[in-house]
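# Residue-level structure breakdown
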Amino acid sequence: MSFAFFPSHPIVEATYTSLPNSLFQFTKPTPVSSPKVLFWNEELAREFQFEDWTNEKEATAHFFSGTSLPDGIQPFAQAYAGHQFGHFTVLGDGRTIVIGEFQNRAGERFDFQWKGSGKTQYSRNGDGRATLSAMVREYIMSEAMFGLNIPTTRSLAVVATGEVVFREEPQGGAVLTRVASSHIRVGTFEFAYQTLSKEELDSLFQYTANRHTPDVLKTDNPALAFLEFVMKRQVSLITNWMRVGFIHGVMNTDNMSISGETIDYGPCAFMNGYSAKRVFSSIDRMGRYAFTNQLGIGHWNLSCLANSLLPLIDPNQETAIELAKSKLSELESWLHSSYIQMLGEKIGFPHLTEKDMPLLQSLYQWMQDTEADYTNTFLVLEGVYTPKDSIYNESRWKDWVRTWQEEKKKKGIREEEAIALMQKTNPSLIPRNHLVELTLANATQGLTSIVEQFIARGKFPYKREFGYDYAEEVPKGGDGNYRTFCGT
Ligand code: AMP
Ligand code: MG
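Cut-offs applied
Each chain has its residues counted from 1, following the order in which its sequence is written. Chains carry letters and ligands carry numbers; both start at the beginning, A for chains and 1 for ligands, and go up in the order they are written. Under the rules for a predicted model, residues below a pLDDT of 70 receive no local features and side-chain atom pairs below 80 are neither given nor counted, while totals for whole chains, interfaces and linings still include all residues. Hydrogens and water are ignored here; the side-chain numbers use all heavy atoms of the structure. Under the DSSP-based scheme used, a helix requires at least four consecutive residues in state H or I and a strand at least two consecutive residues in state E, with every element numbered from the N terminus. In this treatment the radius of gyration is a C-alpha quantity, and the globule benchmark scales as 2.2 Å times the residue count to the 0.38 power. Burial classes: relative accessible area under 20% of the type maximum marks a residue as buried, over 50% as exposed, and values in between as partly exposed (1.4 Å probe, protein chains only). Residue contacts are defined here by distance: any two heavy atoms, one from each residue, within 4.5 Å place the two residues in contact. Here the Shrake-Rupley method, with its probe set to 1.4 Å, supplies the accessible areas, and only the displayed protein chains count as covering residues. A residue counts as positive if it is Lys or Arg and as negative if it is Asp or Glu; His and the chain ends are not included. Here the site of a charge means NZ on Lys, CZ on Arg, CG on Asp, or CD on Glu. Pairing of aromatic rings covers Phe, Tyr and Trp, the last through its six-membered ring, and needs centres within 6.5 Å; plane angles under 30 degrees mean stacked, over 60 mean edge-to-face, and all others mean tilted. If a single non-hydrogen atom of a residue is within 4 Å of a molecule or strand, that residue counts as near it. Three classes are used, and their members are as follows: Ala, Val, Leu, Ile, Met, Phe, Trp, Tyr, Cys and Pro are nonpolar, Asp, Glu, Lys and Arg are charged, and the others, Gly among them, are polar. By convention a nonpolar core is built from buried Ala, Val, Leu, Ile, Met, Phe, Trp, Tyr and Cys residues, the set being connected through side-chain atoms within 4.5 Å. Metal donors: N, O and S atoms at distances within 2.8 Å, or within 3.2 Å for Na, K and Ca, with water omitted from the atom set so that some sites may seem incomplete. UniProt positions are given in the numbering used here, feature names are shortened, and annotations may be inferred rather than shown by experiment. We place a 1 Å grid over just the protein atoms. Points where a 1.4 Å probe fits but has no way out form a cavity, open points with protein on both sides within 12 Å along at least 5 of 7 lines form a pocket, and any residue with an atom within 4 Å of a point lines it. Within 3.5 Å is the distance limit for a polar contact, defined as a pair of N or O atoms, with the added protein rule that one can donate a hydrogen and the other accept it, and that residues adjacent in sequence qualify only through two side-chain atoms. Two strands are said to pair when DSSP picks up at least two bridges between them.

## Comments concerning the overall build of the protein
Secondary structure summary: the protein contains 14 helices and 11 strands in total. Scaling as 2.2 N^0.38, a compact globule of 488 residues should have a C-alpha radius of gyration of about 23 Å, and the protein matches this with 23 Å. Referenced to the eigenvectors of the C-alpha coordinate spread, the extents of the protein come out at roughly 70 × 60 × 40 Å. Sorting the 488 residues of the protein into buried and exposed places 58% on the buried side. Once local pairs closer than 6 in sequence are excluded, the contacts in the protein between residues at least 24 apart make up 72%. For the protein, the computed accessible surface area is about 20500 Å², with 51% contributed by carbon and sulfur atoms. Looking at charge distribution, the protein has the averaged site of its 47 positive side-chain charges lying 3 Å from that of its 57 negative ones.

Okay, structure coming up:
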């Protein structure tokens, strides 16, 4: 299908394709029969000077479904590998294709990628397509993550293809345009290390370092400094997930980005009732990616990155291993201190010491035992929510609150100071599972305005309104048996 008119478009580049061609394949998306724009993220479009497209629905549908392309676009699929549930597999973009790189108004480079745009050389047995419902879910979840001020890939557009995608049952198809500061993953380095030459691995390293953290190239050991950069980004990211109750669900190394953005919204979900071992993904039977396991898995994945960087850390393998091990040994304490700092902030303590840990542990144990809502409990503490749930009348809860108040006083933390800290740490709004499902059901029926409303609401998740109970009622039974699926 050809299409003649495209509005002016910003300059597109493909610097990634200067890398050895073992790392990517030039690939064209497969045209679709009747593309129709379902969602268009106007705010993001403006950031990338795509605003002229906003009213050109037909051109937008054609381009952002990969059905017809303006001149100058040379799309490509990226090669990568990954440890999936602990097992190494060679993968690659099986249903995504990088459109190219665009700069935002601040001059920062981002990848634009179609997701669900047809088969590539890396599709294996897959059809290269994505369901409308999975793409809308990614749109909702990634924009919610952005609203929560947590690094994430973003979603520019969802275009319905007008074609059927066959999963357990036939479903409508869609193409999502994903925007990421890059799609380079821990798994990209594993791919280069396991299957390519040292020179090719080094090219990938130089490119990635230049793109994300050029300063490391000026240090004595750039590969080691790069490892430290990724470690710090991931420590911060995972701590943020733990702060808001996010469970990624499939933290395979191919789903861990070098930039530290949340990527690959598959079976992810935010938990209601607290449980350290909460799992939503139907395929995570052993709970490998359960809520609190995310810290340990982050560590495990970063060890895979360290392993892939060994030839660049030192030509002598033993020395390289020693250096990598010593850098990785810092990770546990970074994760621990970042995690407890965040826990402290959740209860309004600017600094938490090891001595305060029993206080926190008893709160978390109480939440675990009662399955208290992870979001609303902190709003109750802050005094902006009057809960209906009887667990907040239990003496165990009341005693804990009393001890917390006393500790605050002992530490000389002023009330306003604690409240200000809690306000910016604890969201009053997360994408609740039952509302996500309801919104998706509406979207697949064509009721797109409900999705827009849901996303608009999620833009200010730390807002409090004086004199108003600023929390959401949680459905009876919390998360019940809520299950998520890779549902590609
Ligand atoms: P994910 O579970 O989305 O992280 O995907 C894991 C791997 O499977 C990646 O290499 C994907 O490109 C590939 N994949 C997932 N779904 C499909 C599909 N429908 N067609 C082709 N490849 C797919
Ligand atoms: Mg993936």
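## Here we look at the packing of aromatic side chains
Inspection of the entire model under this criterion finds 37 aromatic pairs. Ring geometry for F6 versus F63: centroids 6.3 Å apart, planes at 80°, classification edge-to-face. With F6 in the segment before β1 (24–26) and F63 in helix α2 (residues 57–63), this pair connects stretches of sequence that are 57 residues apart. For the pair shown, F6 and F63 are each scored as buried. Consider the rings of F85 and Y289, whose centres lie 5.0 Å apart with planes at 45°: the pair is tilted. One end of the pair, F85, is in the loop between β4 (81–84) and β5 (87–90); the other, Y289, is in the loop between β11 (269–270) and α7 (293–313), with 204 residues separating them in the sequence. Its relative accessible area of 1% is what places Y289 among the buried residues. Three or more aromatic residues link up through ring pairs in this structure, and these residues are F6, W40, F48, F50, W53, F63, F64, F102, F110, F112 and W114.

## Focus: the site of ligand 1
Around ligand 1, the surrounding shell holds 17 residues, and the nearest of these are G92, G94, R124, D127 and G128. In isolation ligand 1 offers 480 Å² of accessible surface; the protein chains occlude 84% of this area. In the shell around ligand 1, the residues fall into two nonpolar, eight polar and seven charged.

## Regarding the nonpolar core
F189 and I347 are the most contacted members of the largest nonpolar core, which totals 124 residues. Counting residues per element, this core draws most heavily on helix α6 (residues 222–244), which supplies 14 residues. Ignoring anything within four residues of it in the chain, the contact list for I347 reads L359, L360, L363, F378, L381, W400, W404 and M422. F50, A61, I99 and W114 belong to the second-largest nonpolar core, a separate cluster that totals 26 residues.

## Section: the coordination of the magnesium ion (ligand 2)
The magnesium ion (ligand 2) binds to the protein through N255 (OD1) and D264 (OD), with metal-donor distances spanning 1.8 to 2.2 Å. The exposure classification of N255 matches that of D264, with both residues buried.

## Here's the deal with the UniProt feature "binding site: Mg(2+)" (unreviewed entry) in the protein
The UniProt record marks N255 and D264 with the feature "binding site: Mg(2+)" (unreviewed entry), using the residue numbering of this structure. For the second largest cavity, the lining residues among the annotations just cited are N255. The residue N255 is located in the loop between β10 (246–247) and β11 in this model. Discounting residues that sit within four places of it in the chain, N255 has contacts with R185, H248, V250, I263 and D264. On the secondary structure map, D264 appears in the loop between β10 and β11. A polar atom in the side chain of D264 sits 2.7 Å from the side chain of R178.

## Here we look at the pairing of strand β9 (residues 170–180)
Burial analysis of β9 places eight of its 11 residues in the buried class, which makes it a mostly covered element. In the sheet, strand β7 (residues 109–115) pairs with β9 via five bridges, with the strands oriented antiparallel. Along β9, the bridge assignment pairs F112 with V179. Across nine bridges, the pairing between strand β8 (residues 154–166) and β9 is antiparallel. Of the residues in β9, the one forming a bridge with V164 is G172. Here β8 folds back onto β9, and the loop between the two strands holds three residues.

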